[in-house]
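# Structural characterization, general
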Amino acid sequence: MPISLAVLEEVVREAGSIALTYFKDLKNVKVHRKSPRDFVTAADLAVEVFLKEALTGRYPEFGFWGEESGQSANQTNRWIVDPIDGTHSFSRGQYFWSISVALEIAQELIIGAVYAPALNDYYCAEKGRGAWKNGQPITVSSEDNLSDGMVATGFACLRSYLTDNNLERFGRIAQNTTGQRRFGSAALDLCFVADGQVDAFWEQELNLYDVAAGTLIAREAGATVTDFQGNQGLFPKQILVTNGKILNQILPLM
Ligand code: IPD
Ligand code: CA
Ligand code: CA
């Protein structure tokens with residue numbers, strides 16, 4: 001089957017329906033801790049089982065890497081999946097969580113989708129062709145003054161073990177911006193930079209499955225993706241995504 005955004009959307013929306021059946025019945029959904037601040041539910045597992053079967057069934061030439069089931073088959077050309085990004089928010093009945101699916105071929109992100117079922121917002125992108133939200137093209141914000149900007153961040157679930165827990169950095173940047181947000185789904189945070197809801201997002205200690213699809217969406221919408229020193233590239237352990245115009249103002253504060 002040829003790879004297409006339409007096939008991806010059909011599969012990801014169906015995964016969203018599965019997640020929503022759990023979300024609407026949360027009192028019967030048990031939450032397990034993988035570590036003190038890292039959560040998993042039956043919904044995460046069910047969505048990943050569905051996506052693995054649906055994607056590798058349609059495209060057996062690609063391998064699979066999902067947060068919950070790990071890596072299988074071809075890891076040069078593979079689907080990279082976070083079945084629910086923002087499980088903690090999901091488990092509390094909040095709306096900012098998403099399903100994240102990207103196709104990576106020889107280390108290049110080719111297509112990606114991030115779907116927030118509770119918001120019914122569907123973001124997708126194809127390398128070299130652009131990024132869309134609910135079928136409409138999206139671009140980053142035009143804000144070029146950090147002090148007027150709105151930024152988002154996240155606090156890694158491993159933060160107790162990190163010497164750099166992001167609090168000082170958050171304080172510095174909060175003093176130099178107008179608005180700060182913590183949405184709770186890194187995949188969605190990247191989409192919010194992509195469609196101009198925020199001007200920048202940063203986080204540490206993420207994994208490729210948290211940010212693969214969102215990175216393609218953000219880049220295709222005109223965002224710059226760097227590490228905290230400004231090196232261009234995808235660094236999940238230290239990711240800074242901006243509209244490009246405020247990059248040089250935020251870098252000294254990182
Ligand atoms: C988490 C979310 C959250 C981020 C955490 C991630 P999960 O992913 O992306 O926004 O702050 O660091 O682990 O565990 O809900 O898939
Ligand atoms: Ca995640
Ligand atoms: Ca997850």
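Let me begin by describing the structure that accompanies this report. (Residues numbered from 1 in each chain as written. Chains lettered and ligands numbered in written order. Predicted model: local features only at pLDDT ≥ 70, side-chain atom pairs only at ≥ 80, totals over all residues. Heavy atoms only, no water.)

### Things to note about the site of ligand 1
Inspection of the region around ligand 1 gives 17 residues, with Asp 85, Gly 86, Thr 87, Gly 184 and Glu 203 positioned closest. In this structure, an oxygen atom belonging to ligand 1 sits 2.9 Å away from a main-chain N or O atom of Thr 87. A distance of 3.1 Å separates an oxygen atom of ligand 1 from a polar side-chain atom of Arg 182. When ligand 1 is considered free in solution it has 380 Å² of accessible area, and contact with the protein chains removes 90% of it. The element best represented in the shell around ligand 1 is strand E5 (residues 77-85), accounting for three residues. Grouping the constituent residues of the shell around ligand 1 by class yields six nonpolar, four polar and seven charged. Here the shell around ligand 1 spans two domains, and each of domain 1 (5-137) and domain 2 (146-253) adds at least three residues to it. (Near = heavy atom within 4 Å. Polar contact = N/O pair within 3.5 Å; in protein donor to acceptor, adjacent residues only side chain to side chain. Areas by Shrake-Rupley, 256 points an atom, 1.4 Å probe, with all protein chains shown as cover. Helix = DSSP H or I, 4+ residues; strand = E, 2+ residues; numbered from the N terminus. Nonpolar A, V, L, I, M, F, W, Y, C, P; charged D, E, K, R; others polar. Domains from an automatic or database assignment.)

### Side note on the environment of Thr 56
Inspection of the secondary structure assignment puts Thr 56 in helix H2 (residues 42-58). Separated by 17 residues in sequence, Thr 56 and Ala 73 have C-alpha atoms that sit 9.7 Å apart. Setting aside chain neighbours within four positions, we find Thr 56 in contact with Leu 51, Phe 62 and Phe 64. Looking at Thr 56, its side chain comes within polar contact range of the main-chain oxygen of Lys 52, at 2.5 Å. (Contact = heavy atoms within 4.5 Å.)

Geometry only, nothing functional implied.
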